[in-house]
Amino acid sequence: MRRLVLALLFAATILRAQDYPLGPDSQPQNEVAKGTVTQYTLAPGKFYPGTPHTYSVYLPAQYDAHKPAPLMIFLDGSGFLRSSERAPVVLDNLIAKHDLPPLIGIFVDPGILPTVSDQAQNRYERIFEYDSMSDRYSRFLLEELIPEVGKKYSLSNDPNDRALCGVSTGAVGAFMAAWNRPDQFHRVLSFIGTYVSMKGADTLPALVRKTEPKPIRVFMQDGTQDHIVPAEPYGISYAGSWPINNQVMFQALQSSGYDVKLVMGQGGHNMNQGAAILPDALRWLWRDYPNPIVVHEPEAMNEPGWDPIGKVYSTVWANKGWEQVGQAYPSITGLASDKEGNVFIADPAENRIYKSDPDGKVTLFKDHSDGAQALRVGPDGRLFAGQGSREQIVSYRRDGGEQVVARGVRATELAITARGTIYFVDATAKSIGYIDRSGRPRVVDQAGEIALPTGVGISPDQAMLVVADAQSKYQWSFQIAPDGSLVNGEPFYRMETPDTGWRLEKPETAWMTGAEKVMEDATGQVFFDTPIGIQICEQNGRVSDILNPPEAGEISSITFAGRDLNWLYAAEAGKLFRRPVKVSAAPVDAIVKPPKPRL
C-alpha cells in the first residue's frame, strides 16, 4: 500500500513538473515581422561519408545581405521547428524587441546513412555525431555546413556572433563543438544534456577544471526527474545520473571562471521546460551583445579558503594570453633558449636557424643549417642541433661557427645536462641515446615499454630524465645513473588524451596521444605539448593544468625563455608565440633541487 501511495504521489509530482506553458514570447504576434524558414539538403561530405544531412535556415525579416549576420546552429534542428518549441516564433519576437541581433538560425538534423537494400537497416549517425568528444563534428560544421549556408546568405566569421544549441546528446555535441573550436563559437545552449558515461562526456567536468578556460558562455537546463524513478532516486540510466552530472558539469564550469548558468526544473527527459524558457535562455546567452565574451578568473580566487594548488591560474594570467613573435616560417620543429633568455628557432624547410631576443626581435642566426631540427643550448652557451639527414649532432658558437659533436646518430630531440652530456631521441630506431663528454654515443634505452619515444627533458636537480611517448597516455620517468645510464624507469605521468582525433592531414597519427616535447620548470613540474594543449604534470605525476594552444591546431615545440626564464614559448603551424607565466625554468648551467612534491 505504501509503495502505491508513493507511486501516486510521484506521478502527481511529474504531472505538475511537466506543466510548463509557453509564454508570450513563444506566441505569434501580429505586429511582429515574420522571418522565413527554408529547407535544404547537404550532400554527403568527407566527415560523414555517404551521409546526407537535412537542414533548414531561418532568415529574419531584418536580414541585410550586405551585412554579415550572426548565426545560431540548432542540433536536432527539426525538433526546434515543431509547434511545441516554436524557435522561429521566439526568434521573430526577440529580434523585434532587440533582445537578439537579427541572427540566422541553422536547424540541422543528424545524418542517416541510407541502406542499399530494403532488407537492411539504415545507419543512424546521431550518437556518433553528437556524443563524440573529437573535433569531427565541429569540423563538419565549419568546413561543410556553414560554407554551404554561406553560399546563400551572408554569415559572420566572428566567434562572438556564433552560437550553438542542443538537446540531450545534442547538448553534448553543441558544447563539444565550441570546446574544440573556441576560436569559432562563443555561445552554447544546453538542454537536458547527457554529460554521462556514454561516449566520454562524463570526463568533461574533470577536463574543464584542468583546462585553461575558453571564451565560451554556457546556459544549461535539466530536470530533477530526468531518468529518475521512486525506487532509484539517483538515476536509472546505465551511464549515470543525468541531473547530478549536469550539476557536476555546471560546478566545473563555474569553478573555472566561465560565464555559466544552470536552471534546474522538476521535469523529466523532455523539452517541456526547455521550450518554455527558450526565450529567456536566448536573452541570457546573447545579453550585452555585441560586447565580446572574454575569459575571467574565478570569483572564488579572491575569497578565503581558495586552494591555489593545481589551478590553471597558479601558472598563467587570464588577461595575459599568447602573442605572436616575429613572422611566420615554413616550419618550426625545434625551440631552445639560453640563460640570457634568447630563443632559437629551427626552420628545417628553409635550412635556417633564427634567434629571438627577450624583447621579441628576430634575427637570422644560421643559414644553411643542413636541416637542423632538434635544438638545445648547453651549459657553455653553445647551441646544439640534430641534423637528421646527415645523421649527426652539431654545435654552434655564438658567431654561428659549426662543430660536429657526434656522428652516426639520428637525433629528433635533445636534452643536455649541466655537465654537458647529451640525451637524444632516435624516433626511427625508437631508442634513447646518450653522448658522454668525450663525444661517444651509446643507446641507453631501446625496445622497452615505450611505444614511440619523441621527447626528453631533464629535471632541475639533474636526477631524472623524462621521456615522452607519443603513442601512450603514460609518459616515462627514469633515474639517471652516475655513468649516464637510465635506471628504475616507470610510466610515471598520466596524460589526458584526445578522444580519437580527426586528423585528416595526418591520418597516421589519428589515434596517438601526440606528446612530443618535454620541458620542466624549477619546481619540477613537467610541461608536455599535446594535441589538446600544453599539459602540465605535477612532480607526483598527475596532470593539473592544460594550457590552450595559441590557435586551433597542434603545437610543434615549447621552451622557457625571457630574461628570468618565465616566458613560455610555443611553436604552431610555423608561427612562434609566447606568454608570461607565474613559474620559471632553472638555468641550463645550474642544478636546482625542487621542493618536495605534494603526495
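Okay, so let's go over this structure. (Residues numbered from 1 in each chain as written. Predicted model: local features only at pLDDT ≥ 70, side-chain atom pairs only at ≥ 80, totals over all residues. Heavy atoms only, no water.)

### Focus on the nonpolar core
Counting residues in each nonpolar core, the largest one holds 61 residues, and the members touching the most others are Ile73, Leu141, Leu145, Phe175, Met220, Leu253 and Phe528. Ranked by residue count, the leading element in this core is helix 6 (residues 169–180), at eight residues. Sequence-distant contacts of Leu141, defined by excluding residues within four places in its chain, comprise Ile73, Ile146, Pro147, Leu164, Ala177 and Phe185. Counting 27 residues, the second largest nonpolar core, distinct from the first, contains Tyr58, Phe107, Leu282 and Trp286. (Core = buried A, V, L, I, M, F, W, Y, C linked by side-chain atoms within 4.5 Å. Buried < 20%, exposed > 50% of the residue type's maximum accessible area, 1.4 Å probe, protein only. Helix = DSSP H or I, 4+ residues; strand = E, 2+ residues; numbered from the N terminus. Contact = heavy atoms within 4.5 Å.)

### Side note on the packing of aromatic side chains
One pass over the structure, following the stated rule, counts 20 aromatic pairs. With 4.5 Å between their ring centres and 10° between their planes, Phe74 and Phe107 make a pair best called stacked. Placement of the pair is Phe74 in strand 3 (residues 71–75) and Phe107 in strand 4 (residues 104–108), with a sequence separation of 33 residues. Classification of Phe74 by relative accessible area gives buried; the value is 0%. Here the aromatic residues Tyr48, Phe128, Tyr130, Tyr137 and Phe140 are joined through ring pairs into a cluster of three or more. (Phe/Tyr/Trp six-rings, centres within 6.5 Å; stacked < 30°, edge-to-face > 60°.)

### Quick word on the environment of Ser369
Along the chain, the position of Ser369 falls in the loop between strand 15 (362–367) and strand 16 (374–377). Here Ser369 falls in the buried class, since its relative accessible area comes to 0%. As for Ser369 and Ile353, which are separated by 16 residues in sequence, their C-alpha atoms are 6.8 Å apart. Residue contacts for Ser369: discarding those within four places in its chain leaves Asn351, Arg352, Ile353, Gln387 and Tyr396.

### Re the pairing of strand 34 (residues 575–580)
The element strand 34 is extensively covered by neighbouring structure, given that five of its six residues are classed as buried. Across three bridges, strand 11 (residues 323–325) lies against strand 34 in antiparallel orientation. Counterpart to Val325 in the pairing with strand 34 is Leu576. Note that strand 33 (residues 567–572) and strand 34 share six bridges and pair antiparallel. Pairing of Trp567 across the sheet is with Pro580, part of strand 34. In this structure, the hairpin formed by strand 33 and strand 34 is closed by a connection of two residues, where Ala573 is found at a positive phi of approximately 50°. (Pairing = 2+ DSSP bridges.)

### Side note on empty space enclosed by the protein
Taken as a whole and assessed by the stated rule, the structure comprises three cavities of 30 Å³ or more. In this model, the largest cavity occupies a volume close to 410 Å³. Breaking the lining of the largest cavity down by element, the ones donating at least two residues are strand 12 (334–337), strand 16, strand 20 (413–416), strand 24 (453–458), strand 28 (518–520) and strand 32 (555–561). Grouping the constituent residues of the lining of the largest cavity by class yields 16 nonpolar, five polar and five charged. Of the volumes computed, that of the second largest cavity is approximately 50 Å³. Lining the second largest cavity, in full, are Glu129, Ser132, Ser134, Tyr137, Ser138, Gly173, Met176, Ala177 and Asn180. Secondary-structure elements contributing two or more residues to the lining of the second largest cavity are helix 5 (136–150) and helix 6. Per-element tally for the lining of the second largest cavity: the top contributor is helix 6, with four residues. Considered class by class, the residues forming the lining of the second largest cavity number three nonpolar, five polar and one charged. (1 Å grid on protein atoms, 1.4 Å probe; cavity = no way out; pocket = protein on both sides within 12 Å on 5 of 7 lines; lining within 4 Å. Points joined across faces, edges and corners; volume = space filled by probe spheres on them. Nonpolar A, V, L, I, M, F, W, Y, C, P; charged D, E, K, R; others polar.)

### A word on the pattern of salt bridges
Counted under the stated rule, the structure contains 32 salt bridges. Where Asp589 meets Lys339, a salt bridge forms, and the shortest distance between an N and an O atom there is 3.0 Å. Placement of the pair is Asp589 in the segment after strand 34 and Lys339 in the loop between strand 12 and strand 13 (343–347), with a sequence separation of 250 residues. The partly exposed category is assigned to Lys339, whose relative accessible area is 43%. Ionic contacts of the salt-bridge type, sharing partners, join the residues Asp25, Lys97, Asp99, Asp280 and Arg283 into one network. (Salt bridge = Lys/Arg side-chain N within 4 Å of Asp/Glu carboxyl O.)

By themselves, these observations are geometric and do not establish any function.
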